[in-house]
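Residue-level structural notes
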Amino acid sequence: MARIANHLRTFAIVVLVLLTGSAFAATEAPELQQLRDQLKKAQSAEDKPAIIELSRRIVGIAPNDSGTWDTLAQTQLESDDLDGLERTLDQWQKAVRRPPAAIEDFRAGLCFKRKDYHCAEQHWLAFIATKPPRADVATDYDNLAELCAEQARWADNAAYRTKAVAAQDTAARRVSRACAFLRLHKWDAAYADMVKANKTDATDPQVKEWLPQFERLQQFLPQIKSLDAQIAKSPNDPAVAGLLLERARVFILAGRPLLAIDDGERAFKLQPASMRARIELAEALLDAGQPENAAKLDVDRYLRRGEDQLATASPSGGGHVSDQALRELGMLDARLSANPKDADALVARARILRDLRQFTLALADANAALAINDKSAAAQFEAAQDLDGLDRQKEALLHARIATELDPQNSSLWFFRGVLERQRADFAGAVASQTRSIEISESSVALSEREQCERRIGKTAEADADLHRIQELAPKK
């Protein structure tokens, strides 16, 4: 009887445990279902903070729910919650017996966001090695190609684009590979891909965006291929910088600023003192929407463009630096390369840079000329004009006064000195300077300046006389 009672007691305990477990399960299921319902609503509302919080609660109760882990990780990646994503991936990996391949994919995305490209590449390749669906393979080869583009690894970029096409051939992927071939100057392969993309789906947004650009570039290809052949003969010779700049110019006119940047950077590296290379590279950077990189070259976004009648509109909406300005910069670069102490060449180059509204570079050349010969009126005058362009009128006036002392018979120097004096509210001084300018060579603009200043100091009769003289000089209708 005791043995039977003992067995009955043991049986009762087992039944009680089972009944208790069933009770817990009965209370857990509605809570989990409620969380899932709330998650669906949060997803419909695209409420990412709520999606993250609800997903965390669900996997806390159901750690084997890979779908919710995936939702949590994807939402954190899209929200740039990178530290949270890293914790999620670590917890996910520990929670399941066989970690899914998706974790590798997410770790790659995390590394890419953190610009740890080596790490990202390793994880994407590891994910591809698990043999996921072909669509996922193609997408991650796209990602790997983008990763290479971030590092300017253009050959690897094209190789990954080719693998993406092999995994899943689409019009958009053909366009992407065509663009990769452009960076490698593989023109025929690029155009073959564009033809294929257009035949595959002419309505694809990528095709519609890029086909006109390829057609525009095509008219420049004969000139580009000719330059390609010449450059290939001696790619690392400093003398090839001129050919690189010619090709960069063609790329600019063809609306391909990234290709122009490649050539501009090579030319600038070969000839770092070349002002033409600096300006061409900066123009390409501006066209590519990289004003911060142009500023590193001391070239600002006010670079004068659009006045060359032969220039085509640039992607930024303006024209291009004139061919004449670039040719003259190139000739002056050559003069200075042969004789760095050529003060006249420095002044001439500063004048072109000022005309391009690059006053910082112009002033540097003017100061270099003054360091060679501070008795040069032209150098003093140039420095004055450059300082005025930089809104440093007080310093500009000092140089303008020296210029008039060095060349007192130059009416232009006196005129500019008078303008600076007016800007500094020295109206009497401005009247005197404009009088000297008029005595040397009468002009309506100097008379107009003097008239304004005379009125400011109460010399009405003199101002009226100047106004009468201006009217006499005006062209007769």
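Above this text is the structure in question.
Residues numbered from 1 in each chain as written. Predicted model: local features only at pLDDT ≥ 70, side-chain atom pairs only at ≥ 80, totals over all residues. Heavy atoms only, no water.

Using the criterion set out here, one finds one disulfide in the structure. Each disulfide pairs two cysteine sulfurs, and for Cys-111 the partner residue is Cys-119, the sulfurs being separated by 2.0 Å. Overall, Cys-111 belongs to the buried group, its relative accessible area being 9%. In this structure Cys-119 comes out as buried when scored by relative accessible area, which is 16%. Lacking any disulfide linkage, Cys-148 is separated from the closest cysteine sulfur, that of Cys-119, by 15 Å. (Disulfide = S-S within 2.5 Å. Buried < 20%, exposed > 50% of the residue type's maximum accessible area, 1.4 Å probe, protein only.)

What follows concerns the nonpolar core. One finds Trp-187, Phe-214, Leu-217, Ile-224, Ile-279 and Leu-356 to be the most contacted residues of the largest nonpolar core, which totals 84 residues. Of all the elements, helix H13 (residues 241-253) adds the most residues to this core, at nine residues. In this view, Trp-187 contacts Leu-182, Leu-217, Leu-221, Ile-224, Lys-225, Asp-228, Phe-251 and Leu-259; residues no more than four positions away in its chain are not counted. (Core = buried A, V, L, I, M, F, W, Y, C linked by side-chain atoms within 4.5 Å. Helix = DSSP H or I, 4+ residues; strand = E, 2+ residues; numbered from the N terminus. Contact = heavy atoms within 4.5 Å.)

With that out of the way, let us pick up the packing of aromatic side chains. Scanning the entire structure with this criterion turns up nine aromatic pairs. Centroid distance Phe-112 to Trp-124: 5.9 Å. Interplanar angle 55 degrees. Geometry classified as tilted. Linking Phe-112 in helix H5 (residues 102-113) with Trp-124 in helix H6 (residues 117-129), this pair joins segments that are 12 residues apart in sequence. When its relative accessible area of 25% is taken as the criterion, Phe-112 is described as partly exposed. On the numbers, 6.3 Å between centres and 70 degrees between planes, the contact of Trp-210 with Phe-214 is edge-to-face. One end of the pair is Trp-210 and the other is Phe-214, both in helix H11 (residues 205-218) and four residues apart, which spans about a single turn. Neither residue differs from the other here; Trp-210 and Phe-214 are each classed as buried. Clustering of aromatic rings is evident, with ring pairs tying together Trp-69, Trp-92 and Phe-106. (Phe/Tyr/Trp six-rings, centres within 6.5 Å; stacked < 30°, edge-to-face > 60°.)

Further remarks concern the side chain of Arg-161. Position of Arg-161 relative to the elements: it lies in helix H8 (residues 154-167). Given a relative accessible area of 8%, Arg-161 falls into the buried group. Of the polar contacts made by the side chain of Arg-161, one reaches the side chain of Glu-146; its length is 2.6 Å. The residues touching Arg-161, leaving out its near neighbours within four places in the chain, are Asp-142, Ala-145, Glu-146, Ser-176, Arg-177 and Ala-180. (Polar contact = N/O pair within 3.5 Å; in protein donor to acceptor, adjacent residues only side chain to side chain.)

If you trace the backbone, Leu-244 turns up in helix H13. According to the relative accessible area criterion, Leu-244 is buried, its value standing at 0%. When the C-alpha atoms of Leu-244 and Asp-140 are compared, they prove to be 35 Å apart, with 104 residues separating the residues in sequence. Not counting chain neighbours up to four residues away, the residues in contact with Leu-244 comprise Ile-231, Asp-263, Arg-266, Ala-267 and Leu-270.

To continue, consider the environment of Arg-56. With respect to the secondary-structure elements, Arg-56 resides in helix H2 (residues 48-61). Looking at Arg-56, the relative accessible area reads 36%, which means it is partly exposed. Sequence separation between Arg-56 and Ile-103 is 47 residues; the distance between their C-alpha atoms is 16 Å. The residues contacting Arg-56, other than those within four sequence positions of it, are Leu-72, Gln-76 and Asp-81.

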